[in-house]
Every structure is written in C-alpha cells, then in structure tokens.
Amino acid sequence: MSNIKLLGTGCPSPSYKRFGPSTLIQIGKKNYLFDAGSGVSQRLNQSNIKSSEVEALFITHMHSDHIIDIYQLYISGWHQGRIEPFKIIGPVGIREFFETQLQAFQEELEGRKNWEARPNKLGLDYVILEIDKNYTFSNDEVKITPFEVDHKPVDPAYGFKIEFSDKGEDKKIIISGDTRKSKKLIKESLNANALVHEVFVSLEFDNKRMTKETIKNVSDYHTNPNEVGEVAAEANVEKLILTHFVPPVFDKSKLKAVVSEKYKGELIIGEDLLNIEI
Ligand SMILES: [Zn+2]
C-alpha cells in the first residue's frame, strides 16, 4: 500500500486551512517526508503519525517556507520517543542551517535534557546528508532520487522521483519542489502515477505590500496554471495533484478550468490532510 498525504498545501502567506508546504509519502509502513513547512508536526499528529515515525526528511530547497519547522520536527520526534537519529537529506546549506538552530537553542536544550532525564538520548542525534543530483536513497522498498528544477535565483532546487514496486507493479511519484515550468521535470515525470506539483495562481496588486516588480518576480520563478497543465500533459502523468498554492485562497473552479484545458487526466486540487492512494 502506498499513499500521498498532503500535510501542508500553502506557501509563506499564513492560512489556517493551508499550512506550510509538506508532503508525506507512505510506502509499506514507512513514512518519507518532503519539506517541513509551518505546522508540519501538527498535521502529522492529525494524521495519527508521530514525528518520531518519519524515516527521513527530504528538503527540496532552502526557502524558509520549506524548512521553517525542521527544529520543531526534531524536538517533537524526541518528545514522542524517537530512538534513532533524526535524518535530513537536502541541498548544500542544510547542515549549517540546522546546526545554527541547534546552537541558538543549545542552552535551552541542555537544560531540558538534564532536567527531564528522558531515556531516549539517542533520539537527539542527527544525520545530515548534503546531496547533489547524483544522490540516490534506496532500501528494500523504495528508490528516491533528486533532480534539478529551475527556481533561480534559488540554486540548487530539487524535485524528487520516488520509485517503488507495489504487488509486482512498478510505480513512480514525482514531487516538483518549487520551480518554473521545467523540461527536466517533464522528462523525469514521464508516465508517472502521480505528479505533485506547485502552482502560482495569481497575486492581487496591493501597493502597500508589493510593487509590480514583486509580482512579476514572484510569478516568474513559479509555474502558472496554464503551464502546470502543459507539464502534466507533456509528461502524460496519470494524476496531477496540485499543492503549494500562491496565494492560499483562490478560485478553485477557475483554476481547474484553466489547468484542464491542457491536461485531460485526473486533476486533484490539493487540500491539507488529503490522502491519495497510489
Ligand atoms: Zn515555496
């Protein structure tokens, strides 16, 4: 059995309905988490999964909306009894980011460790792998490989390809990360069972918050509804699952109509806590 659980389908703008970007892939009994957006441990809790039950955390890129709750995930997993080291797999820079957070909390954490005397001391150990596009994660059940997408000036930015076999059938799930329309992503997604893709819906101009250049630049390093339809059609994916909605509130039927002009397969407008069996 394999599932895609959308834990957070939002973006940096706060929304109580759409938490920060995080997607969980369950294969067999194992949980693979992609990005740690704001509220990820609460959404795991709503899904009856402990932070301590996450096999590994994969990070697509170093934007705050994707990494903001790494420390919370680390600590909540320890509180929930993790006995294995916390495992992070992500781009160059993730080690310094995480260790700087550890340093900022060092005094607090030392005090807590000494006072609370929890038995699972090893749960505070961690393993960080800074990867490049040649990395492969694999075990008996799954192979997970990163590929470069285009979210420049953020570089590197990765999408992930998750390949496994279910009752003798080969399956493939793609996570886009944040990207412009990407040829590389289309190639990697070819005939995938599911493509979980970001989308930039629109931004209303508000001169107190942004200039025309802000809107142009934000939209320019994401994928718009028309393009995401093209990507899914060109890659001939079985299911297109949209997530990372910018902004988090938008007209769903309009979005569906635009994407469906290009893509005729199964289109799912993601929601937090939506579970999709693959
Ligand atoms: Zn983002």
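None of these values were measured; they are calculated from a predicted model.

1. Brief notes about the pairing of strand β10 (residues 169-175)
Sheet topology note: the strand β9 (residues 158-166)/β10 ladder contains seven bridges and is antiparallel. The partner of D166 across the bridge, within β10, is E169. The antiparallel hairpin formed by β9 and β10 contains two residues in its connecting segment, where K167 sits at a positive phi of about 50°. As judged from the three bridges shared by β10 and strand β11 (residues 194-200), these two strands associate in the parallel manner.

2. Let's talk about the packing of helix α8 (residues 225-235) against helix α9 (residues 252-262)
Interaxial distance between α8 and α9 falls to 7 Å at its minimum, and their mutual angle equals 40°. Here α8 lies oblique to α9, going by the angle between them. The interaxial crossing formed by α8 with α9 has right-handed handedness. Listed contacts from α9 to P225, N226, V228, G229, E230 and A233 of α8 are L255, V258, V259, S260, E261 and K262.

3. Re the nonpolar core
Membership of the largest hydrophobic core comes to 63 residues, with the highest contact counts inside it found for F58, A194 and L195. Once residues within four sequence positions are removed from consideration, F58 is found in contact with Y32, L33, F34, I89, G90, I144 and F160.

4. Things to note about helix α5 (residues 106-116)
The element α5 is largely exposed, with a buried count of zero among its eleven residues. Residue A117 follows α5 closely and has a positive phi angle near 45°.

5. Observations regarding the sheet that holds strand β6 (residues 126-130)
Ordered by their spatial adjacency, seven strands build an open sheet running β6-β5-β4-β3-β2-β1-β14, and the pairing between neighbours is mixed. Only two strands of the sheet have a single partner each, and these edge strands are β6 and β14 (275-277). Sheet twist, expressed as the average angle between the axes of neighbouring strands with direction ignored, equals 20°. Strand direction decides the pairing type here: strand β1 (residues 2-8) and β14, joined by three bridges, are antiparallel. Bridge pairing in β14 links N3 to E277. Sheet strands in contact with helix α3 (residues 70-79) are β4 (54-58), β5 (86-90) and β6, and its direction is about 155° off that of β5. In the packing of helix α4 (residues 94-104) onto the sheet, the strands contacted are β5 and β6, and the crossing angle to β6 comes to about 150°.

Rules behind the numbers
Residues numbered from 1 in each chain as written. Predicted model: local features only at pLDDT ≥ 70, side-chain atom pairs only at ≥ 80, totals over all residues. Pairing = 2+ DSSP bridges. Helix = DSSP H or I, 4+ residues; strand = E, 2+ residues; numbered from the N terminus. Axes fitted to C-alpha atoms, helices over the stretch in contact; angles between N-to-C directions. Parallel < 35°, antiparallel > 145°, perpendicular 65-115°, else oblique. Left-handed = near helix turned anticlockwise from the far one by under 90°. Contact = placed C-beta atoms within 7 Å. Core = buried A, V, L, I, M, F, W, Y, C linked by C-beta atoms within 7 Å. Buried ≥ 20, exposed ≤ 12 C-beta atoms within 10 Å, placed from the backbone.

In short, geometric facts, not functional conclusions.
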